[in-house]
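As a plain string of letters, each chain reads:
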Amino acid sequence: MSKKIIIKNKPGKNGIGAGVWNLGAGRDPFGGPTREEIPVLDRIELLASAGITYIEAHDVEISSRDVAKAKTLMRKHGVKMGMYTPSFFADPIFKDGAMTSNDPAVRKLALRNARKAVDVTVALGAEVMVFWNGREGFDFMLAKNGQDSFRRMVEGFTAVGKYALQKYGKRSPKFAIEPKPNEPRANMYLGNVGEALYLISRIHPKVRHLFGINPETAHSRMAGLDYLWDVELGLEAGKLFHIHLNSQDTTRYDQDLPFGYTEPLKDLALCVALQDAKWPGILAFDVKAPRTDRQEDITDILHTSAANLQRLWNRALKVNRKKILEFRRTQRYTALAGYLAECLY
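The rules we used
- Residues numbered from 1 in each chain as written.
- Predicted model: local features only at pLDDT ≥ 70, side-chain atom pairs only at ≥ 80, totals over all residues.
- Heavy atoms only, no water.
- 1 Å grid on protein atoms, 1.4 Å probe; cavity = no way out; pocket = protein on both sides within 12 Å on 5 of 7 lines; lining within 4 Å.
- Points joined across faces, edges and corners; volume = space filled by probe spheres on them.
- Helix = DSSP H or I, 4+ residues; strand = E, 2+ residues; numbered from the N terminus.
- Nonpolar A, V, L, I, M, F, W, Y, C, P; charged D, E, K, R; others polar.
- Expected span 1.5 Å × (residues − 1).
- Buried < 20%, exposed > 50% of the residue type's maximum accessible area, 1.4 Å probe, protein only.
- Contact = heavy atoms within 4.5 Å.
- Pairing = 2+ DSSP bridges.
- Axes fitted to C-alpha atoms, helices over the stretch in contact; angles between N-to-C directions.
- Salt bridge = Lys/Arg side-chain N within 4 Å of Asp/Glu carboxyl O.
- Polar contact = N/O pair within 3.5 Å; in protein donor to acceptor, adjacent residues only side chain to side chain.
- Parallel < 35°, antiparallel > 145°, perpendicular 65-115°, else oblique.

Draft legend 1. View of the layout of surface pockets. Looking at the largest pocket, its volume works out to about 1500 Å³. Lining the largest pocket are 46 residues; nearest its centre among them are Trp21, Arg27, Asp254, Asp256 and Lys288. Elements supplying a minimum of two residues to the lining of the largest pocket: strand S3 (80-85), strand S4 (128-132) and helix H9 (300-317). In terms of residue count, H9 provides more of the lining of the largest pocket than any other element does, 3 residues in total. Among the residues making up the lining of the largest pocket, the classes are represented as 19 nonpolar, 9 polar and 18 charged.

Draft legend 2. Structural context of helix H8 (residues 264-277). Here H8 spans 20 Å end to end across 14 residues, near enough to the 20 Å set by a 1.5 Å rise per residue. Those residues of H8 that sit buried are Asp267, Leu268, Ala269, Leu270, Cys271, Val272, Ala273, Leu274 and Gln275. Here the buried face of H8 lies against helix H7 (227-237), strand S9 (243-245), strand S10 (283-285), H9, helix H10 (321-329) and helix H11 (333-344). Two residues or fewer after H8 comes lysine 278, characterised by a positive phi angle close to 50 degrees.

Draft legend 3. Quick peek at the environment of arginine 43. Structurally, arginine 43 is set in helix H1 (residues 43-49). Classification of arginine 43 by relative accessible area gives buried; the value is 5%. Expressed as a C-alpha distance, the spacing of arginine 43 and lysine 108, which sit 65 residues apart in the sequence, is 32 Å. Setting aside anything within four residues of it in sequence, one finds arginine 43 in contact with Val20, Trp21, Leu23, Gly24, Glu37 and Ile38.

Draft legend 4. Main features of the sheet that holds strand S1 (residues 16-19). A sheet is described by the order of its strands in space; here 8 strands give the open sequence S8-S6-S4-S3-S2-S1-S10-S9, paired in parallel fashion. Each edge of the open sheet carries a strand with a single partner, namely strand S8 (211-213) and S9. Within the sheet, the average angular offset between the axes of one strand and its neighbour, ignoring direction, is 30 degrees. Two strands pair when backbone bridges link them, and strand S2 (residues 54-58) and S3 are joined in this way by 5 bridges, in the parallel orientation. Paired with isoleucine 55 across the two strands is methionine 81, which belongs to S3. Where helix H4 (residues 146-168) meets the sheet, it contacts S4, strand S6 (174-178) and S8, and its direction lies at approximately 155 degrees from that of S6. Sitting on the sheet, helix H5 (residues 193-202) touches S6 and S8, and the angle it makes with S8 is about 175 degrees.

Draft legend 5. Summary view of the pattern of salt bridges. By the definition in use, this model includes 19 salt bridges. Here lysine 266 ties to aspartate 226 by a salt bridge, and the two come within 3.2 Å at their closest N and O atoms. Placement of lysine 266 in helix H8 and of aspartate 226 in the loop between helix H6 (217-222) and H7 is noted, with a sequence separation of 40 residues between them. Three or more residues joined by partner-sharing salt bridges are found here, namely Asp96, Asp139, Lys144 and Arg185.

Draft legend 6. The side chain of serine 101, seen in detail. Relative to the assigned elements, serine 101 resides in the loop between S3 and helix H3 (104-124). Among the polar contacts listed, one links the side chain of serine 101 to the backbone nitrogen of aspartate 103, at a separation of 3.0 Å. Apart from residues lying up to four places away in sequence, serine 101 is in contact with Asp96, Val106, Arg107, Lys144 and Arg152.

Draft legend 7. Quick look at the packing of H7 against H8. H8 packs onto H7 with a crossing angle of 10 degrees between their chain directions and a minimal axis gap of 10 Å. Classified by the angle between their axes, H7 and H8 sit roughly parallel to one another. Residues Tyr227, Leu228, Val231, Glu232 and Leu235 of H7 form the contact with H8, whose participating residues are Ala269, Leu270, Ala273, Leu274 and Ala277. Classifying every residue of the contact of H7 with H8 gives 9 nonpolar, no polar and 1 charged.

Okay, here's the thing in structure tokens:
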């Protein structure tokens, strides 16, 4: 059994999470695979060997048929299912969205798939199920009625919550909405944390407590927003249910670069904020082994991300909070920036 990476002095879950999709074959929109495709269940051992404690998967990667085998492998390699998520973007039937499709038959199928994903989430022992907005959006103006689309999402999420609560009661997983501003659609519904939180405020009060957010570094940066603020907004609302960490080089396509690579100063500040909030959730990576990495180096992106996280987290533990408060009191913000740089470098 591989040695797990532990985040020092972190309350709650102090192991690291990562998705089976992080170890893909190197595909991108312009080219096919550059490595051999590793069977999904075989990736569990690879994730464990990289020090991961909590694995993550879509329903097209670990389906209901795979539950028994996946649980056996997880026990063997000492990992747990940290998060599970339905895929409403891969199947052609969801080409124009799932919950927001103009076709009522597609919306019905989306709800059925979501309920099934709830069952698998519970069966695999995950406490959180994530909804990424996938293809919920539009490419052409007036292709959808935006007000109808929003109401459909409210109704759909409410129905999923009621199903989970009725069937599993206190064992019901929590649901985290993951915003993204664009890609694969030109315009995405639930494109940022603010939109997601507003949607949650409209979900039926009986199940609203089950819903929160899963902000991702790259998605915030793609929108030109600050990831730390998105996290702090989730913390203030009591709705930060999950986190996806990576890096993003400005407002480009979704890059899923190693955590700590492009903006380490901001990542240090993020660690400070999470430490001060005593956030108990899983620090999980949503990174992508690049096309250029060889098969034998496919877990480098996990090792690099984890090492950066540990370094930044440990530096954040040493940041003098009293100094920060004094800089705020005296409004010496440039000096504060210099102090954080000193802590980092």
